[in-house]
Amino acid sequence: MQFFLEVLIGGLLSGVMYSLVALGFVLIFKASGVFNFAQGAMVYFAALSLVGVMGKGAPLWLAFILAFGIMTILGIATEKFVLRKMVNQAPISLFMATIGLAFFIEGLAPLLWGNDVRALEIGLVDEPIPYLLDSFNIVVSSFDLTAAGLALALVAGLALFFQFTRVGRALRAVADDHQAALSIGIPLQHIWALVWAVAGFVALVAGMLWGSRNGVQFALTFTALKALPVLILGGFTSVPGAIVGGLIIGASEKLAEIYIPPVMQSMFGGNFGGIEGWFPYVMALLFLLVRPEGLFGEKHIDRV
Amino acid sequence: MFYRETGQFKNSYAADQQVFPIRQDRVGIAILLAVAFLVVPLVAGNYWFNAIFIPFLIFALAALGLNILTGYAGQLSLGSAAFMAVGAYAAYNFQVRVEGMPILMSFILGGLTAAGVGILFGLPSLRIKGFYLAVATLAAQFFIVWCLTKFPYLSNNSSSGVISVPGVEMLGFKFDTPQSRYLLVLSIVTSMALLAKNMVRSTTGRSWMAVRDMDVAAEVIGIRLMRTKLLAFAVSSFYCGVAGALYAFCYLGSVEPDGFSLDLSFKILFMIIVGGVGSILGSFLGAAFILLLPIFLDITLPAIAGLLSLPFDSATVSHIQLMVFGALIMFFLIVEPHGLARLWQIGKEKLRLWPFPH
Amino acid sequence: MARQIGEVILDLKNISLRFGGVKALTDISFNVREHEIRAIIGPNGAGKSSMLNVINGVYHPQEGEIIFRGEHRKDMDTHDAAKGGFARTFQNIALFKGMSVLDNLMTGRNLKMKCNFLQHALWWGSAQKEELEHRKKVEEVIDFLEIEHIRKTPVGRLPYGLQKRVELGRALAAEPSMLLLDEPMAGMNVEEKQDMCRFILDVNDQFGTTIVLIEHDMGVVMDISDRVVVLDYGKKIGDGEPDEVKNNPEVIAAYLGTQH
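For clarity, every value in this text was computed on a predicted model and none was experimentally measured.

Rules and cut-offs
One numbering rule holds for all chains: residues counted from 1, following each sequence as written. Chains and ligands are labelled sequentially in the order written, the chains with letters from A and the ligands with numbers from 1. Confidence filtering applies because this is a predicted model: local features only for residues at pLDDT of at least 70, side-chain atom pairs given and counted only at 80 or more, and all residues used for totals across whole chains, interfaces and linings. Strands here mean DSSP runs of E at least two residues long; helices mean DSSP runs of H or I at least four residues long; both are numbered from the N terminus. Radius of gyration here is computed from C-alpha atoms only, and the compact-globule reference equals 2.2 Å multiplied by the residue count raised to the power 0.38. Between the buried cut of 20 or more and the exposed cut of 12 or fewer other C-beta atoms within 10 Å of a residue's own C-beta lies the partly exposed class, and all C-beta atoms are placed from the backbone. Contacts are defined on C-beta atoms placed from the backbone: any two residues whose C-beta positions lie within 7 Å are in contact. Only C-alpha atoms enter the line fits that serve as axes; for helices the fit covers just the stretch in contact. Angles between N-to-C directions range over 0 to 180 degrees. Geometric relationships in this document are graded by angle, where less than 35 degrees denotes roughly parallel, more than 145 denotes roughly antiparallel, 65 to 115 denotes roughly perpendicular, and other angles denote oblique. Polar here means any residue outside two lists: the nonpolar Ala, Val, Leu, Ile, Met, Phe, Trp, Tyr, Cys and Pro, and the charged Asp, Glu, Lys and Arg; Gly therefore counts as polar. Buried Ala, Val, Leu, Ile, Met, Phe, Trp, Tyr and Cys residues form a nonpolar core when they are connected through C-beta atoms within 7 Å. The split into domains, and so the bounds of each, comes from an automatic or database assignment of domains. A residue's pLDDT is the confidence the predictor assigns to it, expressed on a 0 to 100 scale. Pairing between strands is defined by DSSP: at least two bridges between them are needed.

**Q** Is there a simple way to explain the overall build of chain A in this structure?
**A** Check the secondary structure of chain A and you find 12 helices and zero strands. Helices and strands appear in chain A in the N-to-C order α-α-α-α-α-α-α-α-α-α-α-α. The C-alpha radius of gyration computed for chain A amounts to 20 Å, which stays within 12% of the reference 19 Å derived for 304 residues, consistent with globular compactness. Overall, the C-alpha framework of chain A stretches about 60 × 55 × 35 Å when taken along its three principal axes. Across the 304 residues in chain A, those meeting the buried criterion constitute 47%. Nonlocal contacts in chain A, meaning residues at least 24 apart in sequence, comprise 74% of its contacts between residues at least 6 apart.

**Q** Just checking my understanding: could you explain the overall build of chain C for this structure?
**A** The helix and strand tally for chain C stands at 10 helices and 10 strands. Taking 2.2 N^0.38 as the reference for a compact globule, 260 residues should give roughly 18 Å; the C-alpha atoms of chain C span a radius of gyration of 19 Å, in line with that estimate. Dimensions of chain C, computed from C-alpha atoms along their principal axes, come out at roughly 65 × 40 × 40 Å. A buried classification covers 45% of the 260 residues belonging to chain C.

**Q** How should the environment of F296(B) be read in this particular structure?
**A** Residue and element names in this part refer to chain B. Looking at the secondary structure, you find F296 in helix α12 (residues 280-307). The class for F296 is exposed, based on 12 C-beta atoms found within 10 Å. Considering only alpha carbons, one finds F296 and A81, 215 residues apart in sequence, at a separation of 24 Å.

**Q** What should I look at first to understand the packing of helix α7 (residues 178-200) of chain B against helix α10 (residues 225-252) of chain B in this one?
**A** The geometry of a pair of packed helices is captured by two quantities: the angle between their axes and the separation between those axes. Residues and elements named next belong to chain B. Interhelical geometry of α7 versus α10 gives an angle of 175° and a closest axis separation of 11 Å. Here α10 runs roughly antiparallel to α7, going by the angle between their axes. Taken together, the residues of α10 that come into contact with α7 (itself represented by R181, L184, V185, I188 and M192) are Y239, V242, L246 and C250. A per-class count over the contact of α7 with α10 returns eight nonpolar, no polar and one charged.

**Q** Mind showing me how you'd approach the nonpolar core here?
**A** Across soluble globular proteins, you tend to see nonpolar side chains buried next to one another. Counting residues in hydrophobic clusters, the biggest one holds 289 residues, and the most contacted among them are A47(A), L50(A), V195(A), I58(B), L61(B), A85(B) and L246(B). Ranked by the residues each element gives to this core, the list is headed by α10(B), at 18 residues. Here this core spans two domains, and each of domain 1 (8-85 + 176-256) and domain 2 (100-162) of chain C adds at least three residues to it. The contacts of L61(B), once residues within four sequence positions are left out, are V189(B), M192(B), Y239(B), V242(B), A243(B) and L246(B).

**Q** Quick question: what am I supposed to make of the interface of chain C and chain B here?
**A** Note on interface size: it is often stated as the accessible area lost on association of the parts. Taken together, the contact between chain C and chain B spans 32 residues of the former and 26 residues of the latter. Counting residues per element, the side of chain C that touches chain B draws most heavily on helix α5 (residues 126-145) of chain C, at five residues.

**Q** Would you explain the interface of chain A and chain B in this entry?
**A** At the interface, 41 residues of chain A touch 35 residues of chain B. Contributions of two or more residues to the side of chain A that touches chain B are made by α4 (91-113), α10 (223-234) and α12 (279-290) of chain A. In terms of residue count, the dominant contributor to the side of chain A that touches chain B is α4(A) (17 residues). A breakdown of the residues in the side of chain A that touches chain B according to their chemical character gives 30 nonpolar, eight polar and three charged.

**Q** Sorry if this is basic, but what is going on with the packing of helix α11 (residues 262-275) of chain B against helix α14 (residues 339-353) of chain B here?
**A** All names here are of chain B. Between α11 and α14, the least distance of the axes is 3 Å, while the angle of their chain directions is 20°. Between α11 and α14, the angle is such that the two are roughly parallel. Across from I273, V274 and G275 in α11, the residues of α14 making contact are G339, L340 and A341. The residue inventory of the contact of α11 with α14, partitioned by class, reads four nonpolar, two polar and no charged.

**Q** Even after reading the chapter, I still don't get the confidence of the model for chain A, so can you show me in this structure?
**A** Per-residue pLDDT for chain A has a mean of 85; in total, 97% of the residues score no lower than 70. Mean pLDDT values for the elements of chain A range from 72 in helix α5 (residues 130-136) of chain A up to 93 in helix α2 (residues 39-55) of chain A.

**Q** In this structure, what is going on with the domain arrangement of chain C? I would like to understand it.
**A** Residue and element names in this part refer to chain C. Domain boundaries in chain C define domain 1 (8-85 + 176-256) and domain 2 (100-162). Here the C-alpha centre of domain 2 lies 28 Å away from the C-alpha centre of domain 1. The interface of domain 1 with domain 2 comprises six residues on the first partner and four residues on the second. At the level of elements, α2 (78-83) and α7 (190-207) are the ones that each hand at least two residues to the side of domain 1 that touches domain 2. The residue inventory of the side of domain 1 that touches domain 2, partitioned by class, reads three nonpolar, one polar and two charged.

**Q** Which parts of the structure should I look at to understand the sheet that holds strand β1 (residues 8-19) of chain C?
**A** Hydrogen bonds between backbone atoms are what pair the strands of a sheet, whose relative direction is either parallel or antiparallel. Residues and elements named next belong to chain C. One open sheet accounts for four strands, arranged β2-β1-β4-β5; its pairing is antiparallel. Of all the strands in the sheet, just β2 (22-33) and β5 (71-73) have a single pairing partner and so form its edges. Looking at each pair of strands side by side, their axes are set apart by 15° on average, direction ignored. Set on the sheet, helix α1 (residues 48-55) makes contact with β1 and β2; between it and β2 the angle comes to about 65°.

**Q** Would you explain the sheet that holds strand β6 (residues 86-88) of chain C in this entry?
**A** Residue and element names in this part refer to chain C. One open sheet holds the six strands; their spatial order is β6-β7-β8-β3-β9-β10, and the pairing between them is mixed. Each end of this open sheet is capped by a strand with a single partner; those strands are β6 and β10 (235-240). Put simply, the sheet's adjacent strands are angled 15° from each other on average, direction ignored. Strands β3 (37-41), β9 (227-232) and β10 of the sheet are contacted by helix α10 (residues 249-256), whose axis makes an angle of about 120° with β10.

**Q** Help me out: how do you make sense of the confidence of the model for chain C in this one?
**A** A low pLDDT means the predicted coordinates there should not be read in detail. Overall, the prediction assigns chain C a mean pLDDT of 90, with 98% of residues at 70 or greater. For this predicted complex, the interface confidence score (ipTM) comes to 0.90, while the overall pTM stands at 0.91.

**Q** Would you mind showing me how to read unusual backbone geometry here?
**A** As a rule of thumb, non-glycine residues mostly have phi less than zero, and peptide bonds are mostly trans rather than cis. Of note in this structure, N14(C) is not a glycine but carries a positive phi near 50°. The residue N14(C) is located in strand β1 in this model.

See the structure below:
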């Protein structure tokens, strides 16, 4: 039971990190209808920029601000040179363009900052929390808990920002109907650039947390692949969906990794580790068959 | 002036429905095929066969497969490499496990196995569309490659799933030179391209495009969405599967599951974006482009760096390659979403008037 | 006119359709007779398109019964409807934009073509023969609608009025016994409307096709239709011959307005 709880909690905490990456997708999708496959590449780019700037001697807070600046520039450039030119194209074309963008960023990042694996020190220690260890004999990493807390705070902050500020309202208007928003004088392009900057910010936080845990390396781009099943589960447009989806995927993936391979081994023999890579996808897929619009997505009626 | 259809009248619908209705095109394709079948084998060296012609044809076939699904039937897939893997491994198993199995039969069975798996992973397309489906095809990509790595049976108990194919032999003739393998691949690819062209210009293809363009209207006309989509998945996977079998048997000789990674799927997707979504010709143009570009960059980038006396290493080349790929994809999607095939068409239209444009 | 209006072939009884909490149609009953031109009119949002969608199975009503050629059913299925001789056009043109006019019309013959994809792939004998046969039929429709010159043009490039005509062509290519037209003349100029009227009347007259149409141009509706049903807020408020409907006070209040 303790072991189960440990795995479950570990899964939930890493699920929060998936939520964080998924959130970047949701933000951009809501505001511009673009399914941004490059979100993972942005996480990589942001983390590399952060360590890169720190390597030049800047303290963490300054490096964070500068890296955010770099992400903002990237966001504005994407809006100006890619998205703006693709207005009115099919969403699927935009999606393919972001695959191109992902490749571009994945090449650009190491070109600017080098492609060695870099350690990132942000002052969090990775130790079991003494209280939980002593009282319940459960190992829960304090790093994971802090990171999850940070991620949740970020999500809450963004939710408030979108709900209660002028910019947030403009953004929701754009998300609802581009043309209508344009007609009442909302500067569409500014909003898009802003959203990409915010997505860059989210990527930066995700990159910082993941990077300090596992080292800043190319593998950070795969965070996008972790986030996709979360999106399917939660729905592409739902912030709560991203969070709940992340938790479900994180927990079930870790549990599956522990409990399924032994069963398969007893059935077929051999080693069946590494099901984490596909398990979330297959789960999301099966879920889709039951509820195509996702957990929190809206049911769509075709009008003809 | 030379490329005009003036004076070529069609007296029957049959004549109007030919693959190449314009005489100049027919002559052109005949010359191209003659060169490919007769001249190339005589003049090209082994490097050209192994590094350019054979992979080009195989990638073109895979791109053709993806184009059937994505370009014609409108279902985006990010798992083409996995279906190639199914074809490769299935063909391998048929070949080594069944005594006296003809090699062509193994290729076909490999393709059919891929088609079956394709139908299975195409089932979600009945309920989901667009991005959701694209993500769902990733499930195929990861799951299939994992299976091939983890189930030793699938790779005939070889370690970590690496398979080394037996030599290709047909009716006692050994395809052991690059030249002979090139001719085998060329024959298979050209005939499958012709079959694909026939499908897309008939009711099958029209149903695919109808589903792609407006599924509700297609349904109202009486097109069965399920059957049409699954057929597209099956045919597309068949093509990818055969391409995978050729990839293992006629190109690499020895493959591992990780060779059919997501990166390869993306590469094939890039081929159809650059070449032309929804175009048979485009699949070939795109494959050539995406295959030749890295070779081109490998040669030119160090030379440029040398001229500017910049420090340069192979990692830098690969980074720049990624950037160029990415930039090209965005460029094509922005400037010419129908790819090289459309540019070729525009070129032909210009040629009708050339050199007297008025 | 030579045509003879026949028996009731489509009878809709007490149809109700809801989307979540929104009532699109409430307890609507009306029938369609063979060979007639039946119009559905009403203000925007009255549920006219929903009605057509129920008739050919795009929407499935929660309550009611549909009797088609003597067969009682709860709702229609699009495929069965197409097989049963229904063809239709849409309010916002639903052509296959990436295909040529010819190919769009050929899709209309889809149900009548029997070859499978393997025969298509090989293109030998029967597949080619079938393709040619149906091409001939499609060319007749092209002749009829006077669109020979745009045969090979991708429909996405055509002007609106012509697209509407091509969409009618696609429906006609199926040789339907019942044609459902959703605002066939919306957004057209007078000349295009006249052409479209002529085509509709010719189809009805020459092939005896039963036609159910939605239209806002009252001049046209009253001119060409045999009977008119009027909807408002998802309810039926009038039904009968044009003159009858024109003088129905409820219809005047809801839709037609009074003359000044």
